[in-house]
Amino acid sequence: MYPEDHIGALTGQAEAFDSSLPVSGLAGPFKQPVKSWSYDQTAAGSNMFRSTKENIYSACLKDKSGQSITVKSDGTQYVRAWIEGDAIRLLVADYNNPGKENFLIPHAEKEYRPLRKGDKVQGKVTVSFHP
């Protein structure tokens, strides 16, 4: 069980930015944060907003006017959102791995699924738009 403000929580909402907090570089904030580290933010959004959500059943991205996009899955997909310039990106993926971060590699590589040129990763999701 993760607390509500943890990126591993089973449900929740995340703001892309909190105007009361500074925007950090990739190494994190320069001083002790006043909120949980999940709210630390870079130009791509807060940790909570841009973290990969694994094994989702649904994910919704909504703007301030109420327009939204909802992704429904069977629990096998992953989603990740981030800000890139003036665009908000949403990735829905059937494959995810933790990359090559050295500390977790011995544990993480057990889950690696090597991909070779020409391999296909595919699944099925339902996407709906709500203007």
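Up top you'll find the structure we're talking about.
Residues numbered from 1 in each chain as written. Predicted model: local features only at pLDDT ≥ 70, side-chain atom pairs only at ≥ 80, totals over all residues. Heavy atoms only, no water.

**Looking at unusual backbone geometry**
The test is simple: Secondary structure is summarised from DSSP: a helix means a run of H or I of at least four residues, a strand means a run of E of at least two, and numbering begins at the N terminus for each.
Of note, the phi angle at Asn55 is positive, near 50 degrees, even though the residue is not glycine. Turning to its location among the elements, Asn55 is positioned in strand E3 (residues 53-62).

**Notes on the pairing of E3**
Worth spelling out the cut-off: Pairing between two strands requires that DSSP report at least two bridges joining them.
The pairing of E3 with strand E4 (residues 68-84) spans seven bridges and is antiparallel. Pairing of Lys53 across the sheet is with Val79, part of E4. In textbook terms, the turn of a hairpin is the stretch between consecutive antiparallel strands, and for E3 and E4 this stretch comprises five residues, one of which, Gly66, has a positive phi near 100 degrees.

**What about the environment of Ala81?**
Our working definition: Partly exposed residues are those whose accessible area sits between 20% and 50% of the maximum for their type, while under 20% is buried and over 50% is exposed, using a 1.4 Å probe and protein chains only. Whether two residues are in contact is decided by their heavy atoms, any of which lying within 4.5 Å being enough.
Within the element layout of this structure, Ala81 appears in strand E4. Owing to a relative accessible area of 8%, Ala81 belongs among the buried residues under this scheme. Sequence separation of Ala81 and Leu91 is 10 residues, and the distance between their C-alpha atoms is 6.3 Å. Those residues within four positions of Ala81 in sequence are excluded, and the remaining contacts are Phe49, Arg50, Leu61, Arg89 and Leu90.

**Focus: the side chain of Ser38**
So the rule is basically this: The term polar contact refers here to a pair of N or O atoms within 3.5 Å; inside protein, the definition further demands a hydrogen-donor-capable atom paired with an acceptor-capable atom, and it admits residues adjacent in sequence only when both atoms are side-chain atoms.
Of note, Ser38 is situated in the segment before strand E1 (41-42). A distance of 2.5 Å separates a polar side-chain atom of Ser38 from the backbone oxygen of Asp5.

**Here we look at the nonpolar core**
Heads up, the rule is: What we call a nonpolar core is a set of buried Ala, Val, Leu, Ile, Met, Phe, Trp, Tyr and Cys residues that are connected through their side-chain atoms within 4.5 Å.
Residues Ala16, Phe49, Leu61, Ala81 and Ile83 constitute the largest nonpolar core, which totals five residues. Contact partners of Ile83, with chain neighbours within four places excluded, come to Ala16, Phe17, Ala43, Ala44, Gly45, Phe49 and Ile88.

**Some points on the pattern of salt bridges**
As a reminder, the rule being used: Within this document, salt bridges are pairs made up of a side-chain nitrogen of Lys or Arg and a carboxyl oxygen of Asp or Glu, the two lying within 4 Å of each other.
Applying the stated criterion to the full structure yields two salt bridges. The closest approach of N and O atoms between Lys35 and Asp18, which form a salt bridge, is 2.6 Å. Separated by 17 residues along the polypeptide, Lys35 in the segment before E1 and Asp18 in the segment before E1 bring together distant segments of the chain. Owing to a relative accessible area of 38%, Lys35 belongs among the partly exposed residues under this scheme. For Glu84, the salt bridge goes to Arg89, with nearest N and O atoms at 3.7 Å. By relative accessible area, Glu84 is classed as partly exposed at 43%.

**Quick look at the pairing of E4**
Here E4 runs beside strand E6 (residues 126-130); their pairing, made up of five bridges, is antiparallel. Paired with Ser68 across the bridge in E6 is His130. Summarising the sheet, E4 and strand E5 (residues 87-93) pair through seven bridges and their orientation is antiparallel. In the sheet register, Arg80 faces E5, and the bridge partner there is Leu91.

Read these as geometric descriptors, not functional statements.
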